[in-house]
Amino acid sequence: LETNQFGSYAGSFQLPEGGLNGYMTLRSSPVNGFASFSVEAYKRPRFYVEIPKPDSTYRLDDSLHLAGTAVSYAGASLGHVKVQYHVTRGIRYPYPIPLYAYRYLPPYTAQQEIAQGSVETDASGHFTIPFKAIPDRQADSSLHPVFLYAVNVDVTDINGETQSASLTVPVGYQSLELEMDISDKLTIDSLGSSRIRTLNLSGEAVPAPVTLQVFRLSPPERFIRKRYWQQPDQFVISREDYLRDFPYDEYQDESDLANWPQKPVTTLQLSASQPMTALQKEDLAPGWYAFRASATD
């Protein structure tokens, strides 16, 4: 090949026949360029497998029955074919790890197999996967863990073709999660555009009444400049002596908003996912506020 006036070049080639498929690399010199690609034998699938999300809620230790369907791309159902399944349990925590960084990290829990077996589709191509939502008894329930039951199925037709599908079903000690779409810096005019969403453990929006409490924070009544070093773990100088000698430096954790005193301002009853226009009607003076939302599943 030869480069054109813009320094680029192009060409084509035929893959060698009779060799093994897999990972291949194309190199060019003297520019020392290369590109990698995979070569595989493509076979068009004849059918597909579906496991829709359940439309009901579950509790821990309940017996679950997930429904699935095996259908050919021609529209015919695959009746009386074998379905292999296995169910594994994982765990996640609904709150980000940084909340626990100053105390402890949530314990690591390896995946564990909950159930396995085989079933058969009926004449309409439907099948049911049964398993029990067994929780990890060693997980700390105060951290509100959500157990993730990963269901994997393999369906094999009479021709030997196998297609797979998977679905993760979350089940926890609580069936509702809250999300607050509130910026950490707001203007008075934009308060009404904030939202609170109530979701099930699968991330789908569900209706629920929400109670919103608003607290005004009282910051320190002095200017505090940023530390030049890390916060000490021991204090040999009293607070009074330190503030007298270093009036603009932080003694312990005065700049942490979580430690500022909170004064209740108002309590509102809201509908989830609706703009908080009622909040805009409140007479909120400029300053720092804490919003606390709660709902019952």
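Thresholds applied
Residues numbered from 1 in each chain as written. Predicted model: local features only at pLDDT ≥ 70, side-chain atom pairs only at ≥ 80, totals over all residues. Heavy atoms only, no water. Patch = residues over 30% accessible without salt bridge, like charges linked within 9 Å, V, L, I, M, F, W, Y side chains within 5 Å. Areas by Shrake-Rupley, 256 points an atom, 1.4 Å probe, with all protein chains shown as cover. Salt bridge = Lys/Arg side-chain N within 4 Å of Asp/Glu carboxyl O. Helix = DSSP H or I, 4+ residues; strand = E, 2+ residues; numbered from the N terminus. Polar contact = N/O pair within 3.5 Å; in protein donor to acceptor, adjacent residues only side chain to side chain. Contact = heavy atoms within 4.5 Å. Core = buried A, V, L, I, M, F, W, Y, C linked by side-chain atoms within 4.5 Å. Buried < 20%, exposed > 50% of the residue type's maximum accessible area, 1.4 Å probe, protein only. Pairing = 2+ DSSP bridges. Axes fitted to C-alpha atoms, helices over the stretch in contact; angles between N-to-C directions. pLDDT = per-residue confidence, 0-100. Phe/Tyr/Trp six-rings, centres within 6.5 Å; stacked < 30°, edge-to-face > 60°. Lys NZ or Arg CZ within 6 Å of the ring centre and 35° of its normal.

Undergrad: For a nonpolar patch on the surface, give the residues involved together with the corresponding values.
TA: On the surface, Leu1, Tyr9 and Val31 cluster together into a nonpolar patch covering about 370 Å² of accessible area. One can find Leu1 in the segment before β1 (22-28).

Undergrad: So what's going on with the side chain of Glu161? Residues and values would help.
TA: Among the secondary structure elements, Glu161 is positioned in the loop between β8 (146-156) and β9 (162-172). At 2.9 Å, the side chain of Glu161 forms a polar contact with the backbone nitrogen of Arg46. The residues contacting Glu161, other than those within four sequence positions of it, are Pro45, Arg46, Phe47, Val155 and Thr156.

Undergrad: Which residues make up the nonpolar core, and what are the values?
TA: Ranked by size, the top nonpolar core spans 31 residues in total, and within it Val87, Ile129, Phe131, Tyr149 and Val153 carry the most contacts. Listed by contribution, the elements that provide at least two residues to this core are β3 (47-50), β4 (63-72), β5 (82-92), β6 (112-120), β7 (126-132), β8 and β9. Here this core takes 5 residues from β8, the largest share from any one element. Formed by 13 residues, the second largest nonpolar core is a distinct cluster that contains Ile196, Leu270, Leu279 and Leu284.

Undergrad: Describe the sheet that holds strand β12 (residues 209-217), naming the residues involved and giving the relevant values.
TA: The antiparallel open sheet is built from 3 strands, whose spatial order is β13-β12-β14. Sheet topology places β13 (262-271) and β14 (289-294) at the edges, where each strand pairs with a single neighbour. Each neighbouring strand pair of the sheet contributes to a mean axis angle of 20°, computed without reference to strand direction. Strand direction decides the pairing type here: β12 and β14, joined by 6 bridges, are antiparallel. For Arg216, the partnering residue across the bridge sits in β14 and is Tyr289.

Undergrad: How would you sum up the pairing of β8? Please name residues and give values.
TA: Two strands pair when backbone bridges link them, and β5 and β8 are joined in this way by 11 bridges, in the antiparallel orientation. Each bridged residue has a counterpart across the sheet, and for Tyr85 the counterpart in β8 is Val153. In this structure, β8 lies alongside β9, joined through 11 bridges in antiparallel fashion. Its bridge partner being in β9, Tyr149 is matched across the sheet by Val169. Linkage of β8 to β9, two consecutive antiparallel strands, is achieved through a turn of 5 residues, within which Gly160 is found at a positive phi near 90°.

Undergrad: Would you mind going over the sheet that holds β5 in detail, with residue names and values included?
TA: Taken in spatial order, the 4 strands make up an open sheet running β6-β5-β8-β9, and their pairing is antiparallel. The strands lining the two open edges of the sheet, one partner per strand, are β6 and β9. Geometrically, the sheet is characterised by an average inter-axis angle of 20° between neighbouring strands, direction not taken into account. Pairing analysis gives 8 bridges linking β5 to β6, with the strands arranged antiparallel. Bridge pairing links Val87 to Ala115 in β6.

Undergrad: Tell me about unusual backbone geometry, and name the residues and values.
TA: In the Ramachandran plot, His80 falls in the positive-phi region, its phi being about 60° despite a non-glycine side chain. Locating His80 in the fold gives a position in the loop between β4 and β5. For His80, a relative accessible area of 51% gives the class exposed. One non-glycine residue, His144, lies in the positive phi region at around 55°.

Undergrad: Go over the confidence of the model for the protein with me, naming the residues and quoting the values.
TA: Averaged over the protein, the pLDDT score is 86; the fraction of residues at 70 or greater is 95%. Low pLDDT, under 50, characterises residues 98-102; the predicted model gives this stretch 4 contacts beyond four residues in sequence or across chains.

Undergrad: Residues and numbers for the packing of aromatic side chains, please.
TA: Inspection of every chain in the model, using the stated rule, returns 9 aromatic pairs. With a centroid separation of 6.1 Å and an interplanar angle of 65°, the aromatic rings of Phe147 and Tyr173 are classed as edge-to-face. Of this pair, Phe147 sits in strand β8 while Tyr173 sits in the loop between β9 and β10 (177-181), placing them 26 residues apart in sequence. Relative accessible area serves as the criterion here: at 0%, Phe147 is assigned to the buried category. In this structure Tyr173 comes out as partly exposed when scored by relative accessible area, which is 41%. Aromatic side chains Phe235 and Tyr251 sit 5.1 Å apart centroid to centroid with 35° between the ring planes, which places their arrangement in the tilted category. Taken together, the positions of Phe235 in the loop between β12 and α1 (239-245) and Tyr251 in the loop between α1 and β13 put the pair 16 residues apart, joining distant regions of the chain. For Phe235, a relative accessible area of 32% gives the class partly exposed. Linked through ring pairs, Phe235, Tyr242, Phe246 and Tyr251 together constitute an aromatic cluster. For the cation-ring pair, Arg27 lies above Phe34, with the distance from its terminal atom to the ring centre recorded as 5.2 Å.

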